[in-house]
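# Overview (structure and organization)
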Amino acid sequence: MPTATQLPPGPRYPVALSTLGWGLRPMPFMERCRRRYGDMFTFRILQEGSWVFVSHPDQVKQVFTGDPNVLHAGAANHILLPIVGRHSVLLLDEREHMTQRKLLLPPFHGERMQRYGELMTEVAEREIASWPQGAGIALWPRMQSVTLEVIMRAVFGIRDADRLDELRGRLSTMLDWTLDPRQMLFYAALGPQRVQEKAAFRRTMDPVDEILLDEVRRRREDPAVDERDDILSLLVQARHEDGRPMGDRELRDELMTMLVAGHETTATSLAWALERLMRHPEMLDRLREEVATGEDAYLDAVVRETLRLRPVLPIVLRKLQQPMEIGGYLLPAGVSVAPCIHLVHRRADIYPEPRRFRPERFLEQAPGTYTWIPFGGGVRRCLGASFALFEMKTVLAAVIRRARLRPSDPAPERVTRRAITLTPGDGARTIVDAVEPVSARAELAGTAS
Ligand code: HEM
């Protein structure tokens, strides 16, 4: 056990250069660092200090099973404060985090997800029916509109069409505003605390909050709330350990957290799955046959392989509150440790031919807790992982059943960073050769029965 604190080696560039490398070309940058310095390396990021990357499963395990009082994740998400609010589970640490997480976990239990299947299929089918046949479209924004709709209905529980229209408009304005690179600069300059008080920010956020807080109120007053399945209805009935219900702002903050954490991540993963599948027609055929029989082992493998090869988030972060030994280094307090999803997923000793899209590997080997980590791990593991996996499978199955797609360009799309997610560079462009109308399918089903 080392007695003096020390950082693993890493590039000696000026901090501005390593920030640029990380910001503009994160994947080559991380890969170069690993080739040069090994499984653990350090670089510095402007305003953030030192980040220690770990990419060996034993090191990842140390981080994910380490003491949450030492390994803080909330601090690393502080930039999200103006959007998700101070009660958000994403921003909390230690005891506060665990009590909030306990409240949020039951509605996301794996088995409960089945109940959203019909809704997810309906939303996906309506979207697919609007695709122009014979024309080129980008699938990524189409998938965003599917995942937004699913969150508004399954998580927020909104059913009324006019209200859905209204919220959709307000959310789109808010999301466009917050993801606009100019606003990001504004954000970085002011810091999260001050941004949330600025008039320009409030003008985009207040109209959204107004609807969400109104939904919270309506749900509290609904005498039939216990018959509802949506996540807000379950949370309105949840109780803290001392018997208190969640407060209005607390509920609003968690709803916004689920939107921010679950909308773009799931949409981007779906877009990547289709981007990869379209370039492997034999896989599409296999999937189509399987989906027709109602089986889902290959579908599951496709989803897992997509999240392995194209994880939307390349790292997760934990800020050390005390020195901690990881991988033979005693790391000093104050540095952030980054289990690197991208590098772990590209290890040839775990995934032979790591750059190849090969879903079969997950038919041969189950995903490991510390080797397949698109949802992070330990007490911070993504709360919506079951929801996202189920949604991906349901939406993909609908697309495979209903649409015939081919890539606009046979070359793979580049991985491009947008805000914090890694997205398909051309938006997963496709040519829609055919869309099977719902009625034709219903007739077919009728004939079959
Ligand atoms: C493919 C889609 C998704 C991916 C790749 C993803 C990935 C992640 C990752 C990497 C983390 C951080 C884990 C860590 O620090 O160890 C996280 C946290 C979280 N995610 Fe997801 N996520 C997805 C979908 C969703 C959905 C659909 C929801 C909810 C509706 C959701 C809710 C959350 C929440 C609440 C947290 C914070 C957990 C905590 O701090 O305790 N995510 N997600």
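Parameters and conventions
Residues numbered from 1 in each chain as written. Predicted model: local features only at pLDDT ≥ 70, side-chain atom pairs only at ≥ 80, totals over all residues. Heavy atoms only, no water. Helix = DSSP H or I, 4+ residues; strand = E, 2+ residues; numbered from the N terminus. Rg over C-alpha atoms; globule rule 2.2 N^0.38 Å. Contact = heavy atoms within 4.5 Å. Areas by Shrake-Rupley, 256 points an atom, 1.4 Å probe, with all protein chains shown as cover. Lys, Arg positive; Asp, Glu negative; His and termini not counted. Charge placed at Lys NZ, Arg CZ, Asp CG, Glu CD. Donors = N, O, S within 2.8 Å, 3.2 Å for Na, K, Ca; no water. Buried < 20%, exposed > 50% of the residue type's maximum accessible area, 1.4 Å probe, protein only. Pairing = 2+ DSSP bridges. Core = buried A, V, L, I, M, F, W, Y, C linked by side-chain atoms within 4.5 Å. Axes fitted to C-alpha atoms, helices over the stretch in contact; angles between N-to-C directions. Near = heavy atom within 4 Å. Polar contact = N/O pair within 3.5 Å; in protein donor to acceptor, adjacent residues only side chain to side chain. Nonpolar A, V, L, I, M, F, W, Y, C, P; charged D, E, K, R; others polar. Salt bridge = Lys/Arg side-chain N within 4 Å of Asp/Glu carboxyl O.

## Points about the overall build of the protein
- Of regular secondary structure, the protein possesses 19 helices and 12 strands.
- Against the 2.2 N^0.38 benchmark of 22 Å for 449 residues, the protein shows a C-alpha radius of gyration of 22 Å, consistent with a compact globule.
- When the backbone C-alpha atoms are referred to their principal axes, the protein occupies close to 75 × 55 × 40 Å.
- By sequence separation, contacts in the protein at least 24 residues apart represent 73% of the contacts at least 6 residues apart.
- Accessible area for the protein stands at about 20200 Å²; split by element, carbon and sulfur atoms hold 52% of it.
- Computed over 62 positive and 60 negative side-chain charges, the separation of the two mean positions in the protein equals 6 Å.

## Digging into the coordination of the iron atom of the ligand
- Coordination of the iron atom of the ligand by the protein comes from a single atom, Cys382 (SG), at 2.3 Å.
- Within the secondary structure layout, Cys382 lies in the loop between α17 (361-364) and α18 (385-402).

## So, the pairing of strand β9 (residues 403-407)
- Residues Ala403, Leu405 and Pro407 point to one face of β9 and are all buried, whereas Arg404 and Arg406, pointing to the other face, are not buried.
- In this sheet, strand β12 (residues 429-435) lies alongside β9 in antiparallel orientation, the contact comprising 5 bridges. Paired with Leu405 across the bridge in β12 is Val432.

## Some remarks on the nonpolar core
- If you look at the biggest cluster of nonpolar residues, it comprises 94 residues, and the most contacted ones within it are Trp131 and Phe156.
- Not counting the four nearest positions on each side in its chain, Trp131 is found in contact with Ile137, Leu139, Arg142, Met143, Val399, Ala403, Leu405, Val432 and Val435.
- Formed by 18 residues, the second largest nonpolar core is a distinct cluster that contains Val63, Leu320, Met324 and Val335.

## Remarks on the sheet that holds strand β2 (residues 49-54)
- Strand order in the open sheet made by the 5 strands is β1-β2-β8-β5-β3, with mixed pairing throughout. Looking along the sheet, the strands with just one partner apiece sit at the ends: β1 (40-45) and β3 (71-72).
- Judged from the 2 bridges that link them, β3 and strand β5 (residues 318-320) form a sheet pairing that is antiparallel. Its bridge partner being in β5, His72 is matched across the sheet by Lys319.
- In the packing of helix α3 (residues 57-64) onto the sheet, the strands contacted are β1, β2, β3, β5 and β8 (336-339), and the crossing angle to β8 comes to about 125°.

## Describing the site of the ligand
- Every one of the 26 residues lining the ligand counts as a neighbour, but His97, Arg101, Arg318, Arg380 and Cys382 are closest to it.
- At 2.8 Å from an oxygen atom of the ligand is found a side-chain nitrogen or oxygen belonging to Arg101.
- Side-chain polar atom of Arg318 to an oxygen atom of the ligand: 2.7 Å apart, as the coordinates give it.
- Mapped onto the shell around the ligand, the elements with two or more residues apiece are α5 (94-104), α13 (248-278) and α18.
- Here the shell around the ligand is built from residues that sort into 15 nonpolar, 8 polar and 3 charged.

## A few points about the sheet that holds β9
- In spatial order, the strands read β4-β12-β9; together these 3 strands make up an open sheet with antiparallel pairing. Looking at strand neighbours, the two that pair on one side only are β4 (136-138) and β9, the edges of this open sheet. Averaged over all neighbouring strand pairs, the angle between strand axes comes to 45°, with direction disregarded.
- Looking at chain direction, β4 and β12 are connected through 3 bridges and run antiparallel. Across the sheet, residue Gly136 finds its bridge partner in β12, namely Ile431.
- Here α18 sits on the sheet in contact with β9 and β12, set at roughly 95° to β9.

## Notes on the pattern of salt bridges
- Enumeration over the complete set of coordinates arrives at 46 salt bridges.
- When the shortest N-O distance is used, the salt bridge between Glu221 and Arg217 registers 3.4 Å. With a gap of 4 residues between them, Glu221 and Arg217 both fall in helix α11 (residues 199-221), about one helical turn apart.
- For Arg217, a relative accessible area of 41% puts it in the partly exposed group.
- When the shortest N-O distance is used, the salt bridge between Glu360 and Arg286 registers 3.6 Å. Remark: Arg286 occurs in helix α14 (residues 281-293) and Glu360 occurs in the loop between α16 (341-345) and α17; sequence separation between them is 74 residues.
- A relative accessible area of 38% means that Arg286 is categorised as partly exposed.
- The network of salt bridges with common partners includes Arg163, Asp214, Glu215, Arg217, Arg218, Arg219, Glu221, Asp222, Arg228 and Asp230.

## Structural notes on the environment of Pro407
- As for its placement among the helices and strands, Pro407 is situated in strand β9.
- As a C-alpha pair, Pro407 and Arg168 span 239 residues in sequence and 29 Å in three-dimensional space.
- What Pro407 contacts, discounting residues up to four positions off in sequence, is Met278, Arg279, Arg429, Thr430 and Ile431.

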